[in-house]
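These are the residues of each chain, in order.
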Amino acid sequence: MTKPDILLIGSYPDWDMEGLRAGYTLHTEPGPGIRALAMKGHWQMDGAFMDRLPDLGLIANFGVGYDAIDIAAATERGIKVTNTPDVLTDDVADLAVGMLIAATRHIPQADAYVRAGRWAADGDYPLLRKVTGKRAGIFGLGRIGRAIADRLAAFHMPISYYSRAPKETPAGWTHYADPVALAAEVDYLVVALAGGPETAGLVSREVIAALGPKAMLVNISRGSTVDEGALLEALESGALGSAALDVFASEPDLDSRFLDLENVLLQPHQASATVETRQAMGQLQRDNMAAFFADKPLLTPVN
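Rules behind the numbers
Residues numbered from 1 in each chain as written. Predicted model: local features only at pLDDT ≥ 70, side-chain atom pairs only at ≥ 80, totals over all residues. Heavy atoms only, no water. Pairing = 2+ DSSP bridges. Helix = DSSP H or I, 4+ residues; strand = E, 2+ residues; numbered from the N terminus. Axes fitted to C-alpha atoms, helices over the stretch in contact; angles between N-to-C directions. Phe/Tyr/Trp six-rings, centres within 6.5 Å; stacked < 30°, edge-to-face > 60°. Buried < 20%, exposed > 50% of the residue type's maximum accessible area, 1.4 Å probe, protein only. Core = buried A, V, L, I, M, F, W, Y, C linked by side-chain atoms within 4.5 Å. Contact = heavy atoms within 4.5 Å. Salt bridge = Lys/Arg side-chain N within 4 Å of Asp/Glu carboxyl O. Polar contact = N/O pair within 3.5 Å; in protein donor to acceptor, adjacent residues only side chain to side chain.

Asker: I tried to follow the sheet that holds strand 1 (residues 5-9) on my own but got confused; where do I start?
Answerer: Pairing between sheet strands relies on hydrogen bonds along the backbone, with the strands arranged either parallel or antiparallel. Here we have five strands laid out as an open sheet, ordered 2-1-3-4-5, and parallel in their pairing. On the outer flanks of this sheet lie strand 2 (25-27) and strand 5 (80-82), each paired with one strand and no other. Averaged over all adjacent pairs, the angle separating strand axes in this sheet is 25°, with direction ignored. Sheet topology places strand 4 (residues 58-62) next to strand 5; three bridges connect them, and they run parallel. If you follow Leu58 over to strand 5, its bridge partner there is Lys80.

Asker: Quick question: what am I supposed to make of the packing of aromatic side chains here?
Answerer: Any two aromatic rings considered together are summarised by their centre-to-centre distance and by the angle between their planes. Tallied over the full model, the rule gives six aromatic pairs. Their ring planes at 70° and their centres at 5.4 Å tell us that Phe248 and Phe258 sit as a pair that is edge-to-face. Placement of Phe248 in the loop between strand 11 (242-245) and strand 12 (264-266) and of Phe258 in the loop between strand 11 and strand 12 is noted, with a sequence separation of ten residues between them. Accessibility assignment for this pair places Phe248 and Phe258 in one class, buried. Ring geometry for Phe292 and Phe293: centres 5.1 Å apart, planes at 75°, overall edge-to-face. For Phe292, a relative accessible area of 16% puts it in the buried group. Assessed through its relative accessible area of 28%, Phe293 is described here as partly exposed.

Asker: Help me out: how do you make sense of the nonpolar core in this one?
Answerer: Across soluble globular proteins, nonpolar side chains have a tendency to be buried as a group. In this structure, Ile138, Ile148, Leu152 and Met289 are the most contacted members of the largest nonpolar core, which totals 48 residues. Counting residues per element, this core draws most heavily on helix 4 (residues 89-104), at nine residues. Each residue touching Leu152, except ones within four places of it in the same chain, is listed here: Val97, Leu100, Ala136, Ile138, Met157, Ile159 and Val190. Val191, Leu232, Leu245 and Phe248 belong to the second-largest nonpolar core, a separate cluster that totals 28 residues.

Asker: Whenever I open this one, the environment of Gly33 confuses me. Can you help?
Answerer: Take Gly33: it is sitting in the loop between strand 2 and strand 3 (36-40). The class for Gly33 is partly exposed, based on a relative accessible area of 35%. Separated by 27 residues in the primary sequence, Gly33 and Ile6 place their C-alpha atoms 8.6 Å from one another. Dropping the residues within four chain positions of it, Gly33 is found in contact with Asp5 and Asp55.

Asker: Help me understand the pattern of salt bridges in this model?
Answerer: A side chain of one charge can pair with a side chain of the opposite charge if their charged atoms are brought near each other. All told, the structure shown has 13 salt bridges when counted by the stated rule. For the salt bridge of Asp86 with Arg143, the shortest nitrogen-to-oxygen distance reads 2.7 Å. Here the residue Asp86 occupies a position in the loop between strand 5 and helix 4, and Arg143 occupies one in helix 7 (residues 143-153), the gap between them amounting to 57 residues. A salt bridge links Arg257 to Glu236; the nearest nitrogen and oxygen atoms lie 2.9 Å apart. One end of the pair, Arg257, is in the loop between strand 11 and strand 12; the other, Glu236, is in helix 10 (residues 228-237), with 21 residues separating them in the sequence. Taking the relative accessible area as the measure of exposure, Arg257 reaches 31% and is therefore partly exposed. With a relative accessible area of 41%, Glu236 lands in the partly exposed category. Taken together, the salt bridges that share partners define one network made up of Asp90, Asp94 and Arg151.

Asker: Any chance you could explain helix 10 here in plain terms?
Answerer: Every α-helix winds through 3.6 residues per turn, so residues three or four apart in the chain are directed the same way. Those residues of helix 10 that sit buried are Glu228, Ala230, Leu231, Leu232, Ala234 and Leu235. Tucked into the core, helix 10 has its buried residues touching helix 9 (205-211), strand 10 (216-219), strand 11 and strand 12. One side-chain oxygen at the N-terminal end of helix 10 lies 3.3 Å from the backbone nitrogen of Gly229; it belongs to Asp227. Directly after helix 10, the chain includes Gly238, whose backbone phi takes a positive value near 85°.

Asker: So what exactly am I meant to see when it comes to the sheet that holds strand 12 here?
Answerer: Reading across from one edge, 8-7-6-9-10-11-12 is the order of the seven strands in this open sheet, with parallel pairing throughout. Edge strands, defined here as strands with exactly one partner in the open sheet, are strand 8 (174-176) and strand 12. Geometrically, the sheet is characterised by an average inter-axis angle of 15° between neighbouring strands, direction not taken into account. With four bridges joining them, strand 6 (residues 136-139) and strand 7 (residues 159-162) adopt parallel strand pairing. Note on strand 7: the bridge partner recorded for Phe139 is Tyr162. Here helix 4 sits on the sheet in contact with strand 9 (188-191), strand 10, strand 11 and strand 12, set at roughly 150° to strand 10. Contacting strand 10, strand 11 and strand 12, helix 10 runs over the sheet at an angle of about 135° to strand 11.

Have a look at this one:
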């Protein structure tokens, strides 16, 4: 039986390649006859590229974010798009909370303090601030934002959130339609927005200024959601207390000014990077392709 032809974009580990080779004839260059595209990484997928695949019917994205794909162009051409939500929610939420605690309690710095022999030489590490009971703001209460909020609620944090419309939430959670007003009321602002033009720069200079010199910004969404120039200025001047960042405007070549700051925790866009979750993401990507070629409903359609 002839295997369907698919275009493979991105670097896949062996466990994914095994399943892909078993089910499909793999191509690395676009052309006619290719019905599906398996995409991993933040490749810019625009209409011009889609036009190089005249028989394309599906773009199966590896990841929950699909801002690199021109969804309108795909829809116009009758191309379906899928992503891999849900399976990565817990890992992303776990890292967001871990970053928040690590940055507040200086876990990386205190580790370095001990390793350098300074505990014995200089005495106890300086006192820091408490995490439990602080006010948390969630910027975007989708799947991941809700999972983060649920975790922070266990730290007895009052939960406030920004979204275009109120969500169904536990009693006592506060909705804000104005992001600046939300920022002014919280100690931690965790950004969990989807990427794309609609959310670009939504964490604006005004939002960052409203947080103030004792607050922290945590970003596990996309670098594009934050005015990065304003963020750097606020961190350098002390207008913003601190930040914990897994994403940046220009990855992996982030602005070198971040490297000189002691009040920011940096991570290499690795929120979903566990073996279990990456295997589940690959499986869901393949399951969407299998459904497409079997003419069955897609599991996680975007358009």
